[in-house]
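# Structural overview
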Amino acid sequence: MVHRDFFFGTHYSHVNGIGSFGLSKGRVVSQGLVGQIEARKAVKILLNIFERQDFQGGGVIITGSNGTGKNTLIKALSTSITIKNLFLTANGAEIYSPTLSKTEILTQLTRRAIGVTFFQETIFINGQVVNFQIYKNSMVGSKYKNGKITLKTKDFQCVYEIGSKVLKKLIDKKIRPGDFITINRGNGEIKKKKNSFLNEKELIHTLDKQKNSPLEIENYVVTEHLVTFHELDVLNHFGDLISNFFLVSGVEIPANIRERIDKIVLDWIREGKIKLTRGILYINDTHILDSESFSFLGKNFENFLSPFFIFATSEIENKLNTLNSISFHGLPLDFSDRLLMIPMKPNTEKEIKEILKLRMKKNSIFLEENSLMILTKIALECGICYSIYIMTISFSFQKE
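On a predicted model such as this, the values are computed, not experimentally measured, just so you know. (Residues numbered from 1 in each chain as written. Predicted model: local features only at pLDDT ≥ 70, side-chain atom pairs only at ≥ 80, totals over all residues. Heavy atoms only, no water.)

## Some points on the overall build of the protein chain
Looking only at helices and strands, one finds 13 helices and 18 strands in the protein chain. Look at the contacts in the protein chain between residues 6 or more apart in sequence, and 70% of them connect residues 24 or more apart. Total accessible area computed for the protein chain in this model is approximately 22600 Å², and 54% of it derives from carbon and sulfur atoms. (Helix = DSSP H or I, 4+ residues; strand = E, 2+ residues; numbered from the N terminus. Contact = heavy atoms within 4.5 Å. Areas by Shrake-Rupley, 256 points an atom, 1.4 Å probe, with all protein chains shown as cover.)

## What about empty space enclosed by the protein?
A complete count under the given rule lists 1 cavity of 30 Å³ or more for this structure. Considered as a void within the structure, the largest cavity measures approximately 30 Å³ in volume. Taken together, Leu46, Ile49, Phe50, Phe55 and Phe308 make up the lining of the largest cavity. Element by element, the count of residues in the lining of the largest cavity is highest for helix α2 (residues 37-52), at 3 residues. Residues that form the lining of the largest cavity fall into these classes: 5 nonpolar, no polar and no charged. (1 Å grid on protein atoms, 1.4 Å probe; cavity = no way out; pocket = protein on both sides within 12 Å on 5 of 7 lines; lining within 4 Å. Points joined across faces, edges and corners; volume = space filled by probe spheres on them. Nonpolar A, V, L, I, M, F, W, Y, C, P; charged D, E, K, R; others polar.)

## Here's the deal with the packing of aromatic side chains
What describes a pair of aromatic rings is the distance from one ring centre to the other and the angle between the planes of the rings. Enumeration according to the criterion identifies 7 aromatic pairs in this entry. Pairing phenylalanine 294 with phenylalanine 335 gives two aromatic rings, centres 5.0 Å apart and planes at 55°, and the pair type is tilted. Of this pair, phenylalanine 294 sits in helix α9 (residues 291-300) while phenylalanine 335 is found in helix α10 (residues 333-336), placing the two residues 41 residues apart along the sequence. For the residue pair phenylalanine 294 and phenylalanine 335, the accessibility class agrees, reading buried in each case. Ring centres 5.4 Å apart and planes at 65° place the aromatic pair phenylalanine 311 and phenylalanine 335 in the edge-to-face group. In this pair, phenylalanine 311 sits in strand β15 (residues 308-313) while phenylalanine 335 sits in helix α10, placing the two residues 24 residues apart along the sequence. For phenylalanine 311, a relative accessible area of 0% translates into the label buried. In this structure phenylalanine 335 comes out as buried when scored by relative accessible area, which is 3%. Lying over the aromatic face of phenylalanine 304, arginine 278 brings its terminal NZ or CZ to 4.8 Å of the ring centre. (Phe/Tyr/Trp six-rings, centres within 6.5 Å; stacked < 30°, edge-to-face > 60°. Buried < 20%, exposed > 50% of the residue type's maximum accessible area, 1.4 Å probe, protein only. Lys NZ or Arg CZ within 6 Å of the ring centre and 35° of its normal.)

## Brief notes about the environment of leucine 109
Within the fold, leucine 109 resides in helix α4 (residues 102-112). Here leucine 109 falls in the buried class, since its relative accessible area comes to 2%. A C-alpha to C-alpha distance of 9.7 Å links leucine 109 and isoleucine 95, two positions 14 residues apart in sequence.

In C-alpha cells, the structure reads:
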C-alpha cells in the first residue's frame, strides 16, 4: 500500500479537481483535466454518492489503454473528496508478501479504508481575566493548591474555583488581568489570546458588578476523531504496547480480534454512539490479481463494513491468473458483473497538446510551437508519459 501523494507522484501535480460542469456538458479543460467529459461526469456522480455516504460496498472499474488518463482521473477524485485519510491506493502487484497471505493483505487494505468517528464532548471556558486570586492558606510546601479566577465577556461575568493543575498553568503562562484566555474544562489546557475588550477602568468597575451566569462564557464543543478499523485491530492485538504500533508491517491480525471489534462497533453504531465512515480503495492493474483475490474481493462487496472499491486495468482481453480461461479485462465474469464500468477514450491530438501545455505551465517550461507539435506527434505514437519525459529532459539540457 502506497500513500496517496507518493502513488500519483509529480506527473499529476497539475490536477486540482474533477472540473466544473454546466447544465448540459462540462468544460473541455478544467482544473488540470483535459477531455474525457463522460468519464469525469461519472466520477462526479461517484463523488456525490461518496460525500453523502449513500452506498454500501460495491465498486467501479475504469478501463482504457495506457495513457488515456485513468490515474489522472483518480488523482482528480482524491483531491476533491473531503475525507482524504480514507482514500487508499494500491497496485495489483503489491498483493504479495512472503509472510502474509493475500487475503490478509487485502483485509488490512479494506480495513484501512473504513473507519469510525468518535465524538468527544468538551466544555471550553472563554473570557477576559478580571481577577486572579491564590488562596494563601492552601499552600502545601512550596506549591499553591487552590485559587479562584474571575472571567468576563461583554455581557456576563463568572467566578471559578481552580485546582493546583490549572493554577500551575496560569502561573507558568503569566496570566494577568486583561488577558483573554480559553480553558479546556476536560484536561485543564489554557490558551492565551490577543483579543481584549476591557480597558483598565472597566476592569476596576466590573469587580462591583458581577453577574454569576455561565452563559456565553462556557461553550459546549463536540470534536470528531476518525479511527480506521485497522488501527483498532492493531491496538487491540498489541494491547498497551503502543510502541509496537509503528512496527506492525508483516503481522497478521487474528480473526477473533476482528470479529470482536466488528460486533462492538456495530452495536455502538445502532446505539448512535459512533458513526461509520466508508472510504475508497483504489487498486490499479487489477488484472494481475489471481482467482483467490477476486473471490475475496467479491465476498467483500456484500459486507456491511466495506469501503467503495475502484479498480483500473489497461487490458482488453487477458488470461485469468492461475487459470487458463480468457476473459474481458482479465477479470472473472461473476466479479465484473458486480461492477459499473467507466471507459476511457484515447486522447485526440488537440487534447494531448493541451495536456502538454498544462505540464509546461506547471514546470515553467517554454517551448516553441514547432517543438510542441513534435512532442504531440511523439505522444500519439509512443504515449504521453514518454513525451513528457522528453520535454522535461530537453528543457533541463537547455538551461545548462
